Amino acid sequence: MNRFFSVAAAAAIVILAGAATACAQDTTSTPGVRLGLTYGRGTVPRIIVLPIDSTPGDSARTIIQRDLDYSDRVSPIPLDQSTLMGITPAPGQPLNYDLISKLGAAAVIQGHRTANGLRATLYDVGAKRVVQSRELPMINVPPVRDASIRDSVIAATTLREKSIRDSVARVLRTRAAIMRRPPLKKDPRPRRFVVRDSLRRDSAATAYIRRGLARWDADRADSVTAASEAAITRLAKADSMARKAAADNERMSIHRVSDEVESWITGRRGIASTRIAYVANGLIRVVDSDGENDRAVTVRGTSLSPAWHPNGRRLVYSRMSNVGTQVIQLDLEAGRERVMTGNGLNITPVYSTDGRNILYSTGDESGTDLVMIPADGDGTPVPQHLTFGRGSDNNSPSFSPDGRQIAFISGRSRFPEVYTMDADGANLQLLTPFVPGVRTYRTAPDWSPDGRNVAYEQQNGDFQVWMINLRDKEPKRLTSEGENEGPSWAPDGRHLALSSTRGGSKQIWVLDTESGRFRQLTRNPGARLAAWSPMLTF
Amino acid sequence: MNKITRVATVVVVSLITFVGCHRKKEQRPAPSRINADSLLREQARADSIARAEAARAAAAAAATAAANAGPPTAAPMSSVERTALAATIYFDLDESALTDEARTSVEAKAPVLLRHPNLRIRIAGHADAQGSDEYNLALGLRRAAETKRYLAALGVDESRMEIVTFGEEKPAVQGNTQEAYALNRRCEFEIISGG
């Protein structure tokens, strides 16, 4: 009996311990669970990011610190290199909490490179303890291999050429052996003549071999050099492309470290591992959330209105030509395009929340209406009408995050206003209040990923970005400096990408709707029509 | 004969529409609440009255255009005709309705098209740089469609006219001044074939 009890108790303890471990693991990866960093509610905790490695500039640290700064949820303390080195503990030593507390930091983040990634550690300065420490995957860019490529190509070529030359020499030697043979089995002439002829034949045969090999070498040398140079160039190019892709992926993997660390501090994942698509000079471009890695993803034409597939691997946009505007899907990884519509006017495409359909606006002589087509499948899809505007404009749709509703603009009441309807086109509602007969102009709605707000642009003399809360229908003006247009929500439902002339030329800026902080994202005059990606997990 | 019948039909249809609207107006109480439905009803009524009036005016203009055109000819266009046909028309801010000036310009184009039955044209609608780039595409299309509709009302066969919109993507004049905006809110006319 007693024994049974003790066994049961031991089992219970083991189970409990196991559960506790499991719990601890779960909470670390669940967003929204605070692990207990102590800082005042409603304040932005100040943090310090310690050096990660000793490379000049320490790019990983720079990226993480900037990501955390751009999150607007924590505030990194800028410190010079010597101060940073001074507060970084030697391996195995504890952090000097008192010293760091004097610098005003609530938390410290430290990273160590490991074989497969980065071990990140979060210290709570107030409680003087480690809150979280975990190895996070990070992609490492392989070193430049140009020299070793040259060496190995030349080594391989030399080896192959040597064996070919050997066989050529063998053939020449066989022929030379025939040349050396005396013409008669028994030469009746005096011996000295026989010897002289034999010596002549021998030197002729030797010269034959030498000449043959020299000619072979001369003929062969140029083409061998050309071939191996071509091989070196080809391999070096492939290598540099692989390195470039790895560098892009490395940046993204560091952004993911930032997002994870942010969830340890604030309980919410950051939005650093995202990209923003936009239009400049008629091309669709994509830029990382921190403004780096800006590149064009289309090569020609006047393209407009990019929108992301929920998996982040595809874009849909519209391209204008002299005879009309078509909706086009672009596979970002393969670089493949698929034209989804005929000519005529086909604009403002977006993917449905599940990514299966494309909703866009198609125009004819009686105005524009919203229609839906499947995103995949063969043949030319038949569009299904969701609005019947009867001569008015209906475009710029944006799905609610649950996929059940659509916000869009319509000019059915003469001036463009933001409306909502169910995903099947029923239950039409006017979202933005206005006075009939008074000229208003509201366009470009974007439904926030948390479902609470719709951002849009409105004309008040010039154009400014507003948002309206869906619960109390209270519009709130967000911008005033310069002209601000085309808002697009970040996955956190807090930041907006928009085009603004506040810095002179029209550029994409990021606005934190809670603090009002602006930062410039692009350096391309005329940048517009921003679209913020979902979280990128690859 | 054919033309007269067509004109007469337009007049009769427009009268019916007009009278029909009038009757509805008496029956419906004034909307007390502003919502999507009441706004749409209000707008639909205003639109149908405007359409009826426009149709009446167009019928008269069509008769004039037909009279001005004279008999169809295979001769090439004169430079005067070419200029009249190619003349750009301009619009008010965020409007697709033709101004009086634009109407006069379009009325000068109709006889050219009627006289040269092989001519096919493309009407390109444009908008100024103000406002949403996407909405401006739709606005450009409405401007082109409105122009095409008016030419059709003046007797030009619809199959001879294509419409296209460039939104604010191809401004005639660069710059962010009111003057530039006014010159960019326009429809351009391009001969596709037969000219």
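Rules and cut-offs
Residues numbered from 1 in each chain as written. Chains lettered and ligands numbered in written order. Predicted model: local features only at pLDDT ≥ 70, side-chain atom pairs only at ≥ 80, totals over all residues. Helix = DSSP H or I, 4+ residues; strand = E, 2+ residues; numbered from the N terminus. Contact = placed C-beta atoms within 7 Å. Rg over C-alpha atoms; globule rule 2.2 N^0.38 Å. Buried ≥ 20, exposed ≤ 12 C-beta atoms within 10 Å, placed from the backbone. Nonpolar A, V, L, I, M, F, W, Y, C, P; charged D, E, K, R; others polar. Expected span 1.5 Å × (residues − 1). Pairing = 2+ DSSP bridges. Axes fitted to C-alpha atoms, helices over the stretch in contact; angles between N-to-C directions. Bend = angle between axes of the 7 residues up to and from the residue. Domains from an automatic or database assignment. Core = buried A, V, L, I, M, F, W, Y, C linked by C-beta atoms within 7 Å.

Asks: Could you clarify how one ought to interpret the overall build of chain B in this entry?
Replies: Scanning chain B from terminus to terminus reveals six helices and four strands. Reading the helices (α) and strands (β) of chain B from amino to carboxyl end gives α-α-α-β-α-β-α-β-α-β. Taking as baseline every contact in chain B between residues at least 6 positions apart, the subset at least 24 positions apart corresponds to 79%.

Asks: So what exactly am I meant to see when it comes to the overall build of chain A here?
Replies: In terms of helices and strands, chain A carries six helices and 29 strands. Against the globule reference of 24 Å for 538 residues, chain A gives a C-alpha radius of gyration of 35 Å, more extended than a compact globule. Seen along its three principal axes, the alpha-carbon backbone of chain A occupies a region of about 130 × 85 × 65 Å. Every one of the 538 residues in chain A was classed for burial, and the buried ones make up 37%.

Asks: What am I meant to see in the interface of chain B and chain A here?
Replies: Interface size is commonly expressed as the accessible surface area that is lost when the partners come together. In this assembly, 24 residues from chain B lie in contact with 36 residues from chain A. Elements with a minimum of two residues in the side of chain B that touches chain A: α2 (36-69), α5 (133-153) and β3 (161-167) of chain B. The element contributing the most residues to the side of chain B that touches chain A is α5(B), with nine residues. Looking at side-chain class alone, the side of chain B that touches chain A contains twelve nonpolar, five polar and seven charged residues.

Asks: What exactly am I supposed to notice about helix α4 (residues 100-115) of chain B here?
Replies: The α-helix winds at 3.6 residues per turn, so residues separated by three or four positions along the chain end up facing the same way. For α4(B), which comprises 16 residues, the first-to-last C-alpha distance of 24 Å matches the rise-based estimate of 22 Å (1.5 Å per residue) to within 8%. Along α4(B), the positions that sit buried rather than exposed are B:A102, B:V106, B:E107, B:K109, B:A110, B:P111, B:V112, B:L113 and B:L114.

Asks: So what exactly am I meant to see when it comes to the sheet that holds strand β8 (residues 295-296) of chain A here?
Replies: Within a sheet, neighbouring strands are paired by backbone hydrogen bonds and run either parallel or antiparallel to one another. Residues and elements named next belong to chain A. Overall, antiparallel pairing links the four strands, which are arranged β8-β7-β6-β29 in an open sheet. For this open sheet the edge positions go to β8 and β29 (528-532), each flanked by a neighbour on one side alone. In this sheet, β8 lies alongside strand β7 (residues 283-288) in antiparallel orientation, the contact comprising two bridges. Of the residues in β8, the one forming a bridge with R285 is A296.

Asks: When you look at the sheet that holds strand β4 (residues 117-124) of chain A in this model, what are you seeing that I'm missing?
Replies: All names here are of chain A. Strand order in this open sheet of five strands is β2-β1-β3-β4-β5, and the pairing throughout is mixed. The open sheet has two edge strands with one neighbour each: β2 (75-76) and β5 (129-137). Note: strand β3 (residues 107-113) against β4, seven bridges, orientation antiparallel. Within the sheet, the bridge partner assigned to Q110 lies in β4 and is T121. Taken strand by strand, helix α2 (residues 59-70) contacts β1 (46-49), β2 and β3, and its axis lies near 170° from that of β1. With respect to the sheet, helix α6 (residues 191-266) is in contact with β1, β3, β4 and β5, its orientation differing from that of β4 by roughly 25°.

Asks: What is the right way to look at the environment of A:K244 in this model?
Replies: Residue and element names in this part refer to chain A. By secondary structure assignment, the location of K244 is in helix α6. A residue is classified by how many C-beta atoms lie within 10 Å of it, and K244, with 12 of them, is exposed. K244 sits 102 residues away from P142 along the chain, and the two C-alpha atoms are 10.0 Å apart.

Asks: Please explain the pairing of β5(A) as it appears in this structure.
Replies: Residues and elements named next belong to chain A. Inspection of the sheet shows β4 paired to β5 by eight bridges, in the antiparallel sense. By the bridge assignment, G117 is partnered in β5 with P137. What sits between the antiparallel neighbours β4 and β5 is a turn of four residues, in which K128 has the positive phi angle 55°.

Asks: I keep staring at α6(A) and nothing clicks. Help me out?
Replies: Residues and elements named next belong to chain A. Here α6 is 76 residues long and its end C-alpha atoms lie 107 Å apart, about the 112 Å a rise of 1.5 Å per residue gives. At R220, α6 shows its largest kink, close to 35°. Taken from the residues just after α6, G267 is the one with a positive phi, measuring 90°.

Asks: In this structure, what is going on with the domain arrangement of chain B? I would like to understand it.
Replies: Domain boundaries assigned for chain B yield domain 1 (1-69) and domain 2 (74-195). Listed by partner, the interface residues are eight residues for domain 1 of chain B and nine residues for domain 2 of chain B.

Asks: Even after reading the chapter, I still don't get the domain arrangement of chain A, so can you show me in this structure?
Replies: One can read the domain layout of chain A as domain 1 (146-238) and domain 2 (274-532). A straight line from the C-alpha centre of domain 1 of chain A to that of domain 2 of chain A covers 72 Å.

Asks: What is the right way to look at the nonpolar core in this model?
Replies: Buried together is how nonpolar side chains tend to be arranged in soluble globular proteins. Residue and element names in this part refer to chain A. Residues I276, Y278, I358, V454, A497 and A530 are the most contacted members of the largest nonpolar core, which totals 104 residues. For I276, the residues in contact, after removing those within four places along its chain, are V287, S289, A497, I508, L521, A530, A531, W532 and S533. Membership of the second largest hydrophobic core comes to 27 residues, among which are I100, A107, L118 and A120.

Asks: What should I look at first to understand the environment of A:E161 in this one?
Replies: Residues and elements named next belong to chain A. Locating E161 in the fold gives a position in helix α5 (residues 146-180). Its 15 C-beta neighbours within 10 Å are what place E161 among the partly exposed residues. Separated by 264 residues in sequence, E161 and G425 place their C-alpha atoms 73 Å apart.

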